[in-house]
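The primary structure of each chain is shown beneath.
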Amino acid sequence: MKRTGFGIRDSGFVRSLLLMVVVLLSACGGDNTPTTPSGTSTATSENWSGIVAPGGQSSRSFTVNSSGTITITLTAAGSTLGLGVGLPRVSGGGCRLGVSVNASAGSSPQISTAADAGQYCVQVYDLGTLRDPVGFALKIDHP
Amino acid sequence: MRFAVLLLSLVPLCAGCGDDTPTSPSSTTASRATERFDDILNVHESKFFAFSVGSNGTTSINLASLSPISRPGVIVATLEIGWGKTVKDDAGAVIGCDLAKVMQTPPALTAQINDTLTPASDYCANVADVDSVTGLHEPANFSIRITHP
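Residues numbered from 1 in each chain as written. Chains lettered and ligands numbered in written order. Predicted model: local features only at pLDDT ≥ 70, side-chain atom pairs only at ≥ 80, totals over all residues. Heavy atoms only, no water.

1. Thoughts on the state of the cysteines
The tally for this structure, following the rule as stated, stands at 2 disulfides over all chains. For C95 of chain A, the disulfide goes to C121 of chain A, at an S-S distance of 1.9 Å. Its S-S torsion of about 95° marks the bond between C95 of chain A and C121 of chain A as right-handed, since a negative value means left-handed. On the criterion of sequence distance, the pair formed by C95 of chain A in strand β5 (residues 95-103) and C121 of chain A in strand β7 (residues 118-125) is long-range, its members being 26 residues apart. With respect to burial, C95 of chain A and C121 of chain A carry one shared label: buried. There is a disulfide in this structure between C97 of chain B and C124 of chain B, and the S-S distance comes to 2.0 Å. Taking the sign of the S-S torsion, about 90° here, the bridge from C97 of chain B to C124 of chain B comes out right-handed. (Disulfide = S-S within 2.5 Å. Helix = DSSP H or I, 4+ residues; strand = E, 2+ residues; numbered from the N terminus. Buried < 20%, exposed > 50% of the residue type's maximum accessible area, 1.4 Å probe, protein only.)

This is how it looks when you write it as structure tokens:
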């Protein structure tokens, strides 16, 4: 006799298949949960060195990608120098300072200031005390 | 035959799984523009800058820099900054800034004013030296950032 359905003999097989279906279906779903966009801000550290002439200044621009804290550490300098952070001039180069200090070289930040995202610059300048050019090195940390 | 039928029925079930490709977050932030208002402010003087707001959103005004004219460094002083609507003469030329909001602040690298403005083409940002004690005692370069939708 030809059987056309599952018999008692096949019930174990059918249960196994149903179990497989349940397992497979349980693996579905849950993928529609939206993921929160991960923050794209990463801390950046830039090193810069240069020379300041008597009566002169030297500046460098950098980009802050998100709001956070800018810290400037004058790590080496041949003399006490002016150190500031501000906005790059729209034309002609240079820096329009918003924060400045008189700084000697050290390992701790001489400037730490909150800032919005945008273009900034750091400037090192003679305080009127230099008789010869002096070298300097500094580190800029920002978001 | 039965195996084939059953296995075939599993194929579409499996095909429905496994779509793990993350979707990129859709952008819901309107584009923003940053304008610079750089000039020189003399003692007891005020100046304004006209700007447009293209869509609803937060407009930020930031007095970011105040520095001496002829030497490096910064000037420690408090100025009044604000925003308003431009005033025009009969010929349509902008002749003033009718202020809606003002505050006194020293320079900083974060916005001092954050307000929601409706789209319009006749806004203005203003800066003024108003306090004889905490304000300017010499002419100063100033830089203001205006960020708006």
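2. Details of the confidence of the model for chain A
Residues at a pLDDT of 70 or more form 71% of chain A, whose mean pLDDT is 84. In the predicted structure, residues 21-25 of chain A sits below a pLDDT of 50 and forms 6 contacts with residues beyond four places in sequence or in another chain. (pLDDT = per-residue confidence, 0-100. Contact = heavy atoms within 4.5 Å.)

3. Things to note about the packing of aromatic side chains
Residue and element names in this part refer to chain B. In the structure shown here, the tally under the stated rule is 6 aromatic pairs over all chains. Seen from their ring centres, F37 and F49 are 5.2 Å apart, and the 20° between their planes marks the pair as stacked. With F37 in strand β1 (residues 33-41) and F49 in strand β2 (residues 46-53), this pair connects stretches of sequence that are 12 residues apart. For F37, a relative accessible area of 5% translates into the label buried. Relative to Y123, the ring of W83 has its centre 5.9 Å away and its plane inclined at 70°; by these criteria the two rings are edge-to-face. Of this pair, W83 sits in strand β4 (residues 79-88) while Y123 is found in strand β7 (residues 120-128), placing the two residues 40 residues apart along the sequence. Its relative accessible area of 14% is what places W83 among the buried residues. Among the aromatic residues, those joined into a ring-pair cluster are F37, F49 and F142. (Phe/Tyr/Trp six-rings, centres within 6.5 Å; stacked < 30°, edge-to-face > 60°.)

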